[in-house]
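Remarks on the overall topology
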Number of protein chains: 2
Amino acid sequence: MDEQTLTAALARAESLCAERGVRLTAQRRRVLELVCRAERPVGAYEILDQVRDGGKAAPPTVYRALDWLLAQGLVHKLETLHAYIGCTHPEHPHASQFLICSGCGCVAELEDAAIAGSLQSAAEETGFQPSRPVVEVLGTCSDCSDKRRNDR
Amino acid sequence: MDEQTLTAALARAESLCAERGVRLTAQRRRVLELVCRAERPVGAYEILDQVRDGGKAAPPTVYRALDWLLAQGLVHKLETLHAYIGCTHPEHPHASQFLICSGCGCVAELEDAAIAGSLQSAAEETGFQPSRPVVEVLGTCSDCSDKRRNDR
DNA sequence: TCAAAGACGTAACTGTATAACGATCGCATT
DNA sequence: AATGCGATCGTTATACAGTTACGTCTTTGA
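Just so it is clear, the structure is predicted and the values come from calculations on it, not from any experiment.

Spatial ordering of the open sheet is given by β4(A)-β3(A)-β5(A)-β5(B)-β3(B)-β4(B), a layout of six strands whose pairing is mixed. Two strands lie at the open edges of the sheet, namely β4 (107-110) of chain A together with β4 (107-110) of chain B, each paired on one side alone. Each strand axis lies, on average, 15° off the axis of its neighbour in the sheet, ignoring direction. Sheet contacts for helix α5 (residues 113-125) of chain A: β3 (97-101) and β5 (129-140) of chain A together with β3 (97-101), β4 and β5 (129-140) of chain B; angle to β5 of chain A, the most-contacted strand, approximately 130°.

Residue and element names in this part refer to chain A. What the domain assignment lists for chain A is domain 1 (3-86) and domain 2 (97-151). Relative to domain 2, the C-alpha centre of domain 1 lies at a distance of 23 Å. Each side of the interface is counted separately: domain 1 has 10 residues, and domain 2 has 10 residues. Summed over both partners, the interface of domain 1 with domain 2 comes to about 760 Å²; 59% of that surface belongs to carbon and sulfur atoms. Ranking the residues of domain 1 by area buried against domain 2 places L78, E79 and T80 at the top, with a combined share of 46%. Linking domain 1 with domain 2 are one salt bridge, by the criterion used here. In this structure, E79 engages R132 in a salt bridge whose closest nitrogen and oxygen atoms are separated by 2.9 Å. The tally of links from domain 1 across to domain 2 stands at five residue pairs in polar contact (both at pLDDT 80 or more).

What counts, and where the lines are drawn
- Position labels on residues start from 1 in each chain and follow its written sequence.
- To read the labels, note that chains go from A and ligands from 1, taken in the order they are written.
- Local features are withheld for residues below a pLDDT of 70 in this predicted model, meaning they are given only at 70 or higher, and side-chain atom pairs are given and counted only at 80 or more; totals for whole chains, interfaces and linings count all residues.
- Values shown for side chains rest on all heavy atoms present in the structure; no hydrogens or waters enter the calculation.
- A pair of strands counts as paired when DSSP detects no fewer than two bridges linking them.
- For helices the rule is a DSSP run of H or I covering at least 4 residues; for strands it is a run of E covering at least 2, with both sets numbered from the N terminus onward.
- In this analysis, axes come from line fits to C-alpha atoms, helices being fitted only over the stretch in contact, and the angle between any two N-to-C directions falls in the range 0 to 180 degrees.
- Whether two residues are in contact is decided by their heavy atoms: any pair within 4.5 Å suffices.
- As annotated, the domain borders come from an automatic or database domain assignment.
- The term buried area refers to how much accessible surface (probe radius 1.4 Å) is lost by two components on association, counted for both of them together.
- Whenever a carboxyl oxygen of Asp or Glu lies within 4 Å of a side-chain nitrogen of Lys or Arg, that contact is scored as a salt bridge.
- Polar contacts, as used here, are pairs of N or O atoms within 3.5 Å; protein pairs need one atom able to donate a hydrogen and one able to accept it. Residues neighboring in sequence count only if both atoms are side-chain atoms.

In structure tokens, the structure reads:
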């Protein structure tokens, strides 16, 4: 995320939290900034290392901030990578799906109604009530496919 | 999994491995049995504890067996739980989806064409080539919903 | 029979996440 | 201003998950 987008994202987070009457504290803002600044998913201990420069910190500091940011929908956790990314549209709660490239590590966040719908239908059939759908597709992004093709 | 189903599952695993010309060794069989015997997903260290009774073992012992069983499609890994379950239909390779109950911990394995299809379509749109789709829906199973209703 | 590949034992280590407890901060009410 | 309370934060320790590296033994096929 470039500097401009980052500033915008943080400003948006500020105003969202103000609306909601929740506190985006310095720690939380710091962690959010670090997550957003990275182009790719970042691990909790990567964040921790960066938080440590210029201040003390231990794992719970980072995990608490991450848990809160997750609850606010400002970041997402990628279960398959044990890593976190900034949410691209935190305005409304949503069920996201992720396309994760094993080649370059890039991640695309989708909000696909057809996927959400098919999950919902399948769940209904068995009387299951979904609360948190986790959809992460590992594979190869188009850029990496192209590179491979050119290499041959 | 009850004793009868378990025996059947192990027998089926035996014959599958024979067909494929791969070796279901004592260790692997042991781990498969422990995973299948459990009604619910089991963590690697839970397995390790059980393998330790009556023999020595260290983490690599269990992880090697699990990796091999995963590759053979005899067990699945649930990324959101860091835990493993026996596959309900190991005969053919397949993309499964899981419904995971946060109440009782039970897991239903689906093989839903509509879900797989919608994932495939969404990926194609962006030129993404899926290799391993991970679909795990956390929520509440019908039994647990019923219990909650009755409690009120 | 004997080398190569596969499977296993072992020790040490990295990485991910949580428990528990006390101190502190922000803020509304007295 | 002082009090009280919930939310936040600091700190230590530890649980849980997974890997590296290396040596030994077993299986198997030339």
